[in-house]
Amino acid sequence: MKLRAQKSAALPCSLSASDVFSSTTTSTAGPTFSFVANGHIDADIQRVQANVKYAMPPHLFRNLGKGKFEEVTKSLGQAFASPRVGRGAAYADINNDGRLDLLLSTNGGPVYLFRNEAQGAAASNHSLRIKLTGTKSNRNGIGSTVQLSAGGETQTQMLRSGSSYLSASELVLTFGLAHNDKADTIEIRWPSGQIDRLSNAAAGQTVTVTEGKGITSTRKFGKQ
C-alpha cells in the first residue's frame, strides 16, 4: 500500500484526539489498518516534559489477526510519517477505486489528503463496498452490523456516524476480499431488527442495499 499526500487549505482546530482511521471488528480475509492522528493539546508541553512534542508523527497499524497489530508508519515514507499537530481524521474512497483514502486535519495548518494507491501484488486484490438505505431503520442505516464471508473467511463491520474529532467519514462500508472475486454471503442486521441476507455479490463495485428489499442499485469501481 502506498499513501500519497496532497495538501489543502488551513483548517483551524483547538482540541486534541487520537483518532481511529478505520476499524474492522473481525477480519481474516486480508490485512486491515487502523490510523491514529497524533498531536498534543499544549503547544508548550516541552517546557514541562522535554521528551514530549507538540507535533507528533501519526501511527498506522496493520491488523495481523488474533488481536495482534504491527506498526507500519515508517514503511509509508517521510511524507506520511512527518510530525504534525493532528486533530481529526476521516476516510472515504475519493476516486472510486475500491480503496479507502484518508483525510487528516491539523491544528491551524493544512488538511492532508492521503490517497491509497495499491502497488505490486496488492494491486490485484479485490474489494466490495456496501451502502445501506434504511426504511424501518434510519435512512443511512447507522448502527447496522454487516457480516460478510468470502473464501471461507469472515469480516464484520458496524456502520457508525463518526469516530474522530469534528470529523465524519463516508457512510459506506468497505470490505477487502483479497483474491476472491465475490462475497459468498452477506448478512445485514438493521437497528429495527430486520435481517437481510445476500449471496454471490461480485467484487469491484459498490452495492446499495435497501432494508427489506436487497440490492437496489450497483456502481462499478472506476466510474466517477
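Refer to the preceding data block for the structure.
Please read these numbers as outputs of a predicted model, since none were measured by experiment. (Residues numbered from 1 in each chain as written. Predicted model: local features only at pLDDT ≥ 70, side-chain atom pairs only at ≥ 80, totals over all residues. Heavy atoms only, no water.)

**Student:** I'm lost on the pairing of strand E6 (residues 68-71) in this one. Help?
**Tutor:** Looking along a regular strand, one sees side chains alternate from face to face of the sheet. Note: strand E5 (residues 59-65) against E6, four bridges, orientation antiparallel. Across the sheet, residue Phe61 finds its bridge partner in E6, namely Glu71. Linking E5 to E6, which pair antiparallel, is a turn of two residues; within it Lys66 sits at a positive phi near 55°. (Pairing = 2+ DSSP bridges. Helix = DSSP H or I, 4+ residues; strand = E, 2+ residues; numbered from the N terminus.)

**Student:** Help me understand the pattern of salt bridges in this model?
**Tutor:** A side chain of one charge can pair with a side chain of the opposite charge when the charged atoms of the two come close. Scanning the model with the defined rule gives six salt bridges in all. In this structure, the salt-bridge partner of Arg129 is Asp93, at a minimum N-O distance of 4.0 Å. In this pair, Arg129 sits in strand E10 (residues 126-133) while Asp93 sits in the loop between strand E7 (86-92) and strand E8 (101-106), placing the two residues 36 residues apart along the sequence. Salt-bridge contacts for Arg99 lead to Asp97; the nearest nitrogen and oxygen are separated by 3.2 Å. Of the residues examined, Asp97 reaches a relative accessible area of 22% and is grouped as partly exposed. Where salt bridges share partners, they join Asp93, Arg129 and Glu170 into one cluster. (Salt bridge = Lys/Arg side-chain N within 4 Å of Asp/Glu carboxyl O. Buried < 20%, exposed > 50% of the residue type's maximum accessible area, 1.4 Å probe, protein only.)

**Student:** Which parts of the structure should I look at to understand the sheet that holds strand E13 (residues 173-178)?
**Tutor:** Sheet strands pair by backbone hydrogen bonding; their relative direction is either parallel or antiparallel. Taking strand neighbours across the sheet as the criterion, the four strands line up as E13-E10-E16-E17 in an open arrangement whose pairing is mixed. Two strands bound the open sheet, and with one partner strand each, they are E13 and strand E17 (214-220). Each strand axis lies, on average, 25° off the axis of its neighbour in the sheet, ignoring direction. Here six bridges tie E10 to strand E16 (residues 205-210), and the two strands are oriented parallel to one another. The partner of Arg129 across the bridge, within E16, is Thr206. (Axes fitted to C-alpha atoms, helices over the stretch in contact; angles between N-to-C directions.)

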